[in-house]
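Chain by chain, the residues run as shown.
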Amino acid sequence: MLEVFLVPEKTVVTERGDGAAVEVSSAQSRVLLLTLTITDIVEQEALDVSIWGSAEGNAWGQKPLIAFPQKFYRGEHPLLLDLAARPEVKHVRAHWEVNRWGRG
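None of these values were measured; they are calculated from a predicted model.

The rules behind the values
- In this convention, every chain numbers its residues from 1, walking through the sequence in written order.
- Residues qualify for local features only when their pLDDT is at least 70, as the model is predicted, and side-chain atom pairs are given and counted only at 80 or more; totals for whole chains, interfaces and linings, by contrast, use all residues.
- Side-chain metrics rest on all non-hydrogen atoms present in the structure, leaving aside hydrogens and water.
- In this description a helix means any DSSP run of H or I spanning at least four residues, a strand means any run of E spanning at least two, and both kinds are numbered starting from the N terminus.
- A simple rule labels every residue: compare its accessible area, found with a 1.4 Å probe on the protein chains alone, to the largest value its type can have, and call it buried under 20%, exposed over 50%, or partly exposed in between.
- Note on definitions: a residue-residue contact is assigned when non-hydrogen atoms from the two residues lie within 4.5 Å.
- Definition of a polar contact: a pair of N or O atoms within 3.5 Å, with one able to donate and the other able to accept a hydrogen when the atoms are protein atoms, and with sequence-neighbouring residues admitted only if both atoms are side-chain atoms.

Enquirer: Just to check I follow, could you spell out the environment of glutamate 97 for this structure?
Expert: As for its position among the elements, glutamate 97 is in strand E7 (residues 91-100). Among the residues examined, glutamate 97 registers a relative accessible area of 25% and is labelled partly exposed. Residues glutamate 97 and aspartate 82, 15 residues apart in the sequence, show an inter-C-alpha distance of 23 Å. Excluding anything up to four places from it in sequence, glutamate 97 contacts Arg16, Ala46, Leu47 and Asp48. Among the polar contacts made by the side chain of glutamate 97, one reaches the side chain of histidine 95 at a distance of 3.0 Å.

And the structure:
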């Protein structure tokens, strides 16, 4: 079983960013369970997290493989990523964006 963090534990997100590339070609299964854990979030803030794939680990394409629905609250949010139909994908990484609104 491949158990890695696409976003390092206890990362404080204040602006858009990318996680490190993680090689998934050695995974026993091409179906990955992703879990987004939000421990704290600012009022009037949304978090968008998407997962991108690459064959060689440096060109990430134009569209993400999958994206979590936009999040506004703390919690654990699971998502299945099925790479069975994408044999060229050998690396994945997370991309996140923070959206704020309201007064201030």
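This is not the end of the story, as more comes after the structure.
Enquirer: Explain the side chain of glutamate 45 to me, please; I cannot follow it from the model alone.
Expert: Along the chain, glutamate 45 falls in strand E4 (residues 45-54). Engagement of the side chain of glutamate 45 in a polar contact is seen with the side chain of arginine 100, the distance being 2.9 Å. When near neighbours in sequence (up to four residues on either side) are disregarded, glutamate 45 contacts Lys71, Phe72, Val98, Asn99, Arg100 and Trp101.

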